[in-house]
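Remarks on the overall topology
Here are the chains, one letter per residue:
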Amino acid sequence: MAEAAAEGLLQQGRSVLAGLVGMAAADLAFVESAQAAFATLLTGWRLPAGARVACLPGEYAPNIAQLGAHGLRPEPLPVNDLGRADLDGVARLLETEPPRFVHLLHVPSHRGVLQPAAEVAALCRAAGVPLVLDAAQSLGHVDTDVGADVVYGTSRKWLTGPRGVGLLVARPAIAAELVPVVPADRAGMRAFESSEAHVAGRIGLTVSVGEHLAAGPDRVRERLAAIGRTARGLLDGVSGWTVVEPHDEPTATTTLRPPDGVDVAATRARLLAEHGIVLTAIGPERAPGEMTGPVLRVSPHVDATLEDLEALAAAL
Ligand SMILES: *Cc1c(COP(=O)(O)O)cnc(C)c1O
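Note that this is a predicted model, so its numbers are computed, not measured.

1. Section: the overall build of the protein chain
Check the secondary structure of the protein chain and you find 11 helices and 11 strands. Computed over its C-alpha atoms, the radius of gyration of the protein chain comes to 20 Å, within 12% of the 20 Å expected for a compact globule of 316 residues. Judged by the C-alpha coordinates and their principal axes, the protein chain covers about 60 × 50 × 30 Å. Out of the 316 residues in the protein chain, the part that is buried amounts to 51%. Sequence separation of at least 24 residues holds for 64% of the intrachain contacts in the protein chain that already meet a minimum separation of 6. Element-wise, carbon and sulfur atoms account for 54% of the exposed surface of the protein chain, whose accessible area totals about 13300 Å². On the protein chain, the mean spot of the 26 positive side-chain charges and the mean spot of the 36 negative ones are 3 Å from each other.

Now the structure itself:
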């Protein structure tokens, strides 16, 4: 009953969330997390074992594991020194050895480098190769309306919604290739939603994305990019920590390499215990194809102040 009463609201949520990635309400399935979204996609797609999937060398390790579990073969997309997709190289790969699909990590979790997703989407479209975008770190952070064929993400990161909810959004041409494990009499991508679901979480995400829309997604993006610039300027070189991203990268995510002999996990614990500052210690196992050592990640949100960032610099 409560779920039926919320149906109008949930449909608005589907519409607004799908709109953020340039698709429509019927193209969206609420799922449990970003990982659940990717697993749902791969399970439904039923691609032949051994099919090649091009992804960044810095791919998120759990995504590589998902591809492997579905019998798919990850192959590296050409990148530059920063791990950003090299568009000429991508164009050559698509022309000479087109993979079954391209999987692009829009903003990695271990490095605040924004991938040129719209450009990759245009190349993929011209080559007839589907583009799947992992937007777990980019929804609510940067522009996600880039022309991908499939976009998936989560509520709990930059959309600041509740845990336990994610989304899988697919264009009708891809949705038509997906087969639900258990046939459901729900239309479009809703056939891939769990019927026993975290409905309160879906409502919470709908409320969050409503606030995001009211704040103005472009204003949120500008603010986050400004916070990233400020954070990198303040933190680079402090006590020997060095910033990984270019200072003007249009993301808020800021990652720091430690000086020699400094333990990242211990630093994270110290900043939390002594200063109440929450950062993330990320080991190279997160993205083993790219990371050569651990980093300390700062993910300041729109409410972060200059004083917060100065306090972090002082605490470091
Ligand atoms: C967090 C994250 C995921 C997984 O999201 P969950 O909702 O925790 O499953 C996937 N990809 C990237 C890049 C992430 O940062």
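2. A look at empty space enclosed by the protein
The tally for this structure, following the rule as stated, stands at one cavity of 30 Å³ or more. If you add up the space inside the largest cavity, you get close to 60 Å³.

3. Notes on helix α4 (residues 61-69)
Within α4, the full set of buried residues consists of N63, Q66 and L67. Taken end-on, α4 shows its buried residues confined to a sector of 100 degrees, consistent with a single buried face. Looking at the buried residues of α4, the elements they touch are α3 (34-45), β2 (52-55), β3 (73-76), β4 (101-105), β5 (131-134) and β6 (150-154).

4. Digging into the site of the ligand
Around the ligand sit S33, A34, Q35, Y60, L105, S109, D134, A136, Q137, T154, R156 and K157, and that is every residue in its neighbourhood. Within the contact set of the ligand, an oxygen atom lies 3.4 Å away from a side-chain nitrogen or oxygen of S33. The backbone of A34 places a nitrogen or oxygen atom 2.9 Å from an oxygen atom of the ligand. When atom positions are compared with the pocket grids, the ligand is found to occupy the second largest pocket.

5. As for the packing of helix α5 (residues 87-96) against helix α6 (residues 117-127)
Relative to each other, α5 and α6 sit at 20 degrees, their axes nearing to 10 Å. Comparing their axes, α6 and α5 come out roughly parallel. For the pair α5 and α6, the crossing hand works out as right-handed. Contacts between α5 and α6 involve L87, V90, A91 and L94 from the first element and E119, V120, L123, C124 and A127 from the second. For the contact of α5 with α6, the per-class residue count stands at eight nonpolar, no polar and one charged.

Rules used in this analysis
Residues numbered from 1 in each chain as written. Predicted model: local features only at pLDDT ≥ 70, side-chain atom pairs only at ≥ 80, totals over all residues. Heavy atoms only, no water. Helix = DSSP H or I, 4+ residues; strand = E, 2+ residues; numbered from the N terminus. Rg over C-alpha atoms; globule rule 2.2 N^0.38 Å. Buried < 20%, exposed > 50% of the residue type's maximum accessible area, 1.4 Å probe, protein only. Contact = heavy atoms within 4.5 Å. Areas by Shrake-Rupley, 256 points an atom, 1.4 Å probe, with all protein chains shown as cover. Lys, Arg positive; Asp, Glu negative; His and termini not counted. Charge placed at Lys NZ, Arg CZ, Asp CG, Glu CD. 1 Å grid on protein atoms, 1.4 Å probe; cavity = no way out; pocket = protein on both sides within 12 Å on 5 of 7 lines; lining within 4 Å. Points joined across faces, edges and corners; volume = space filled by probe spheres on them. Arc of directions from axis to C-beta. Near = heavy atom within 4 Å. Polar contact = N/O pair within 3.5 Å; in protein donor to acceptor, adjacent residues only side chain to side chain. Sits in = over half its atoms within 2 Å of the grid points. Axes fitted to C-alpha atoms, helices over the stretch in contact; angles between N-to-C directions. Parallel < 35°, antiparallel > 145°, perpendicular 65-115°, else oblique. Left-handed = near helix turned anticlockwise from the far one by under 90°. Nonpolar A, V, L, I, M, F, W, Y, C, P; charged D, E, K, R; others polar.

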